[in-house]
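One-letter residues, chain by chain:
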Amino acid sequence: MGMTKLSLRGLMFVGLALPGIVLADSWTILSHNRNMSAISTARIDAAQVSESDTDSAIDLGLFDAEVQASAFITDNDPQNPITADASSRATQVSVLASNRITVSGFVAGTAFPGGTGSFAETDAFSDLSVQFEVSEPAAVKLTGSAESFDFGQVNVSLAGAVTLILDTVQGLNDFREFDEVWMLDPGVYTFSVRTFADSAAGGFVFDGQSAVWDLELALLACPGPTEPTTFTNVLYAVEGGSNLVHRNLNLAGGASWESPGAMGVDQGGGMAVHPTTQVVHSLVDIAGTQFLVTIDPITGSLSSSVPVSNTDGFGLPQLTDIAFRSDGTMYCLYETIFPGLGKLGIVDPLAGSVSSVGFGFMSFNPVDQSLAFDPAGGLLYLAGGTTLRTIDVDTGIVTPVAIAPAPVFSSIAFHPSGTPFIACTDAGAIVQIFPGTGIVTALPGAADAPVPLAGLDYLASLTLGGGKGVCVPADGDLGDTNGDGQVSAADVSTFIDCLTGPASGIPSQSACLHADMQTDGDVDLADFDRFSIVLTNP
């Protein structure tokens, strides 16, 4: 029987689904053994005190138990007092279910002899062994951790016809984190976690051992490949005064804004999308220097950058905005050394160099200046404050545009069709403006930006998603109160904290939303009853 081990330490989930292969979504538990024992012995010469405690389980489902033993003996001879003290303890919480095996616990033993002729020893043991069968190929994942102190021991194994894993955590302070995925052929497998701590000491020497573990073997649900989704006319934006990139996948439909990422810069600025390559460009400040950067439209991160350099001797170093004409020429606006006067320039996107377009100065307000080309008419629109102007970049003729009502502009962008164009106001509201009439109308409130935006432009097409299905634990989120993607004994204490009784609502903590098993708006004993069923039979 062939089996393949896929070592994936550090990865949470991985796509494993293969075309034509159906993976098992449950296993059949054939047999199991769960038991614990604690033994303590204390001796002074020939005298001895011993205590032992054992527990075992044959149930299927939740097992929660503790055993402990302690032994103490003393010789009260005032000339030579001698004592011996030993204690041991083992705890285990485990869940056996049709798609996961969870086990956690603690073992510890201490031996403390107190003089010549004294001896103390302890043993603490915890064992879980489960034999299961899968009738179809299966993807399983082992997660969690184990740690030993002073040479306690945790043995973890998963075996079928051959052993897939045999791992021992043992040492002065040995810590192991498990994050492993295996593909199993149909067959019978045994998963076991065996732990112990044994201490023995004589004379005046103290000895102690302990180990702690929290492990889960879970089946993975691995869907097949998913189809990607293509969005058209996606609006991208960048914040002024921060490094956040925003996008809206369907502005006209009132879709919400999302932030695909941050650029790792001091301050964002203008934005422009190349009309043919669809590369997203922006102006940013990094450590006091302005850069022209490109942005990954999927992640929102900065993908390349060049410093901006202005060859115009009258121009100040920083640009206020950029815009692409339909032929791919990037234009910019910058302030000059003469207060209240600015100029248009052309930018080389690869080099970051700026040159003047060749005609004169124009009135300039350095606050909220924004550029956008009308792809239909070819005119460049310049917005600033409550004013809107058009500029013929071939002649330099500037023409005021009457708009009503006049917003306080933050940024502007044209829809690829040319009508209408949109603007973000200094309050974050998104409005649309029709070039021929200057009429301003508000878009639905859901389309409003989270903050005033310093740069806007459209990406004609964006494809998201698709590719291999992502394997996840085969559990739902109801009952998962600690947010680890599974319903296990670790959720019990949080679930109990969420109980309020009938008609008392749901506590405000987000975890308690997952405790409303009946989805009826409260967390009561009826929810806990259903939670118990899911806990043992998901």
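This text gives an overview of the structure that appears in the document. A quick note: this is a predicted structure, and the numbers were derived from the prediction, not measured.

1. Observations regarding the overall build of the chain
Looking only at helices and strands, the chain features 2 helices and 36 strands. Put simply, 61% of the contacts in the chain that link residues at least 6 apart link residues at least 24 apart. Taken as a whole, the chain presents about 23100 Å² of accessible surface, with 55% of it coming from carbon and sulfur.

2. With respect to the sheet that holds strand β29 (residues 387-391)
Taken in spatial order, the 4 strands make up an open sheet running β27-β28-β29-β30, and their pairing is antiparallel. On the outer flanks of this sheet lie β27 (370-373) and β30 (398-400), each paired with one strand and no other. Between one strand and the next, the sheet's axes are offset by a mean angle of 25°, whatever the strand orientation.

3. Let's talk about a nonpolar patch on the surface
The grouping of F314, I337, F338, L341 and F361 at the surface amounts to a nonpolar patch, some 420 Å² of accessible area in total. For I337, the location among the structural elements is in the loop between β23 (330-336) and β24 (341-347).

4. Quick notes on the packing of aromatic side chains
Here the distance between the centres and the angle between the planes together describe a pair of aromatic rings. With the rule as written, the count across this model stands at 10 aromatic pairs. Between F132 and Y189, the aromatic rings sit 5.9 Å apart at their centres with planes inclined by 25°, giving stacked as the arrangement. Within this pair, whereas F132 is found in strand β7 (residues 115-134), its partner Y189 is found in strand β12 (residues 187-203), the two being separated by 57 residues in sequence. A relative accessible area of 0% places F132 in the buried class. The class for Y189 is buried, based on a relative accessible area of 0%.

5. Description of the sheet that holds strand β18 (residues 280-286)
Judged by pairing direction, the sheet is antiparallel, and its 4 strands sit side by side in the order β17-β18-β19-β20 without closing on themselves. Both edges of this open sheet fall to β17 (267-273) and β20 (302-307), since each of them pairs with a single strand only. Taking the axes of each pair of neighbouring strands and ignoring which way they run, one obtains an average angle of 30° across the sheet. In this sheet, β20 lies alongside strand β19 (residues 289-295) in antiparallel orientation, the contact comprising 5 bridges. Bridge pairing in β20 places L292 opposite V306.

6. Overview of the pattern of salt bridges
Within this structure, the stated rule accounts for 10 salt bridges. Salt-bridge contacts for D167 lead to R176; the nearest nitrogen and oxygen are separated by 2.4 Å. A relative accessible area of 14% means that D167 is categorised as buried. By relative accessible area, which is 21% here, R176 ends up partly exposed. Where R325 meets D327, a salt bridge forms, and the shortest distance between an N and an O atom there is 3.1 Å. Ionic contacts of the salt-bridge type, sharing partners, join the residues D167, D174 and R176 into one network.

7. Here's the deal with the pairing of strand β25 (residues 353-356)
Note: strand β21 (residues 309-310) against β25, 2 bridges, orientation parallel. Residue pairing across strands places S309 opposite S353, the latter belonging to β25. Bridge analysis of β24 against β25 gives 3 bridges, and the strand direction is antiparallel. Within β25, the residue paired with G345 across the bridge is S356. Counting the residues between successive antiparallel strands, the hairpin from β24 to β25 contains 5 residues, one of them, G352, with a positive phi of roughly 80°.

8. A few points about the side chain of N248
Within the secondary structure, N248 sits in strand β15 (residues 244-248). Note on N248: relative accessible area 0%, which makes it buried. A distance of 3.1 Å separates a polar side-chain atom of N248 from the backbone nitrogen of L251.

9. Examining the environment of S104
Tracing the backbone through its elements, the reader meets S104 in strand β6 (residues 100-113). The spacing of S104 and Q92 is 12 residues in sequence and 5.8 Å in space, taken between C-alpha atoms. With sequence-adjacent residues up to four places away left out, S104 is seen in contact with T91, Q92, V93, W213 and D214.

10. So, the side chain of Q369
Here Q369 shows up in the loop between β26 (362-363) and β27. Setting aside its immediate chain neighbours within four residues, Q369 contacts T320, D321, L333, F364, L382, A383, G384 and R389.

11. Remarks on the nonpolar core
Membership of the largest hydrophobic core comes to 41 residues, with the highest contact counts inside it found for F132, L158 and F191. What L158 contacts, discounting residues up to four positions off in sequence, is F132, V140, T163, L164, I165, W182, Y189, T190, F191 and L217. Counting residues in each nonpolar core, the second largest holds 17 residues, with M263, F291, I295 and L462 among its members.

12. Details of unusual backbone geometry
A negative phi holds for most residues other than glycine; trans holds for most peptide bonds. With an omega dihedral of -10°, the bond running from A404 to P405 counts as a cis peptide bond. Phi angles above zero are rare outside glycine, and N233 is one such case at about 50°. Secondary-structure assignment places N233 in strand β14 (residues 229-239). On the basis of relative accessibility, which here comes to 25%, the residue N233 falls in the partly exposed class. Here Q278, not a glycine, exhibits a phi torsion of approximately 65°, which is positive. Within the element layout of this structure, Q278 appears in the loop between β17 and β18.

Conventions used here
- Residues numbered from 1 in each chain as written.
- Predicted model: local features only at pLDDT ≥ 70, side-chain atom pairs only at ≥ 80, totals over all residues.
- Heavy atoms only, no water.
- Helix = DSSP H or I, 4+ residues; strand = E, 2+ residues; numbered from the N terminus.
- Contact = heavy atoms within 4.5 Å.
- Areas by Shrake-Rupley, 256 points an atom, 1.4 Å probe, with all protein chains shown as cover.
- Pairing = 2+ DSSP bridges.
- Axes fitted to C-alpha atoms, helices over the stretch in contact; angles between N-to-C directions.
- Patch = residues over 30% accessible without salt bridge, like charges linked within 9 Å, V, L, I, M, F, W, Y side chains within 5 Å.
- Salt bridge = Lys/Arg side-chain N within 4 Å of Asp/Glu carboxyl O.
- Phe/Tyr/Trp six-rings, centres within 6.5 Å; stacked < 30°, edge-to-face > 60°.
- Buried < 20%, exposed > 50% of the residue type's maximum accessible area, 1.4 Å probe, protein only.
- Polar contact = N/O pair within 3.5 Å; in protein donor to acceptor, adjacent residues only side chain to side chain.
- Core = buried A, V, L, I, M, F, W, Y, C linked by side-chain atoms within 4.5 Å.

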